[in-house]
Amino acid sequence: MSMFKALQDKHVDLLSRIVDPPTEEFIAEVSNFILEVIEASSAIASPRDREQLRANLRYWATLVYDHTGAYPSTSLNPPTSEALDQSSK
């Protein structure tokens, strides 16, 4: 399974478990997911996949902000040269 697919699956899982208002545990899980996406983003070079990750991060960062008052960083790491090489194949 690709890194992008794994992150998308986690995104969908989180979406399926949203309750209003979200619990502190859920907000913490979302915050960890945001960090995981940012960390993994260096292994993803496809512009289309990276744009989807940005959209996912904006969604989750807004949820975190709405419930904590703090907007988390959502900047993706640049793709590594290895990731760029893989995407060009």
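Residues numbered from 1 in each chain as written. Predicted model: local features only at pLDDT ≥ 70, side-chain atom pairs only at ≥ 80, totals over all residues. Heavy atoms only, no water.

Peer 1: Would you take a moment to explain the environment of Glu51 for this structure?
Peer 2: Structurally, the position occupied by Glu51 is in helix 3 (residues 47-68). Overall, Glu51 belongs to the partly exposed group, its relative accessible area being 40%. The spatial distance from the C-alpha of Glu51 to the C-alpha of Leu35 is 16 Å, given a sequence separation of 16 residues. (Helix = DSSP H or I, 4+ residues; strand = E, 2+ residues; numbered from the N terminus. Buried < 20%, exposed > 50% of the residue type's maximum accessible area, 1.4 Å probe, protein only.)

Peer 1: Is there a simple way to explain the pattern of salt bridges in this structure?
Peer 2: When the charged atoms of two side chains with opposite charge come close together, those side chains can pair. For the structure shown, the criterion picks out 6 salt bridges. The salt bridge involving Glu29 is made with Arg17; its shortest N-O contact spans 2.4 Å. Of the two residues, Glu29 sits in helix 2 (residues 24-40) while Arg17 sits in the loop between helix 1 (3-16) and helix 2, which places them 12 residues apart along the sequence. A relative accessible area of 34% means that Glu29 is categorised as partly exposed. Of the charged contacts, one joins Arg54 and Glu51 as a salt bridge, the two residues approaching to 3.3 Å between their closest N and O atoms. You can see Arg54 and its partner Glu51 sitting in helix 3, 3 residues apart, about one turn around the helix. The network of salt bridges with common partners includes Asp13, Arg17 and Glu29. (Salt bridge = Lys/Arg side-chain N within 4 Å of Asp/Glu carboxyl O.)

Peer 1: Would you take a moment to explain the packing of aromatic side chains for this structure?
Peer 2: Remark: the centre distance and the inter-plane angle together describe each pair of aromatic rings, the angle taken between the planes. This structure, assessed with the given rule, holds 3 aromatic pairs. Here the aromatic residues Phe26, Tyr59 and Trp60 are joined through ring pairs into a cluster of three or more. (Phe/Tyr/Trp six-rings, centres within 6.5 Å; stacked < 30°, edge-to-face > 60°.)

Peer 1: For this particular structure, what's the right way to read a nonpolar patch on the surface?
Peer 2: A cluster of nonpolar side chains, Leu15, Ile18 and Tyr59, forms an exposed patch at the surface whose accessible area comes to about 240 Å². Mapped onto the secondary structure, Ile18 falls in the loop between helix 1 and helix 2. (Patch = residues over 30% accessible without salt bridge, like charges linked within 9 Å, V, L, I, M, F, W, Y side chains within 5 Å. Areas by Shrake-Rupley, 256 points an atom, 1.4 Å probe, with all protein chains shown as cover.)

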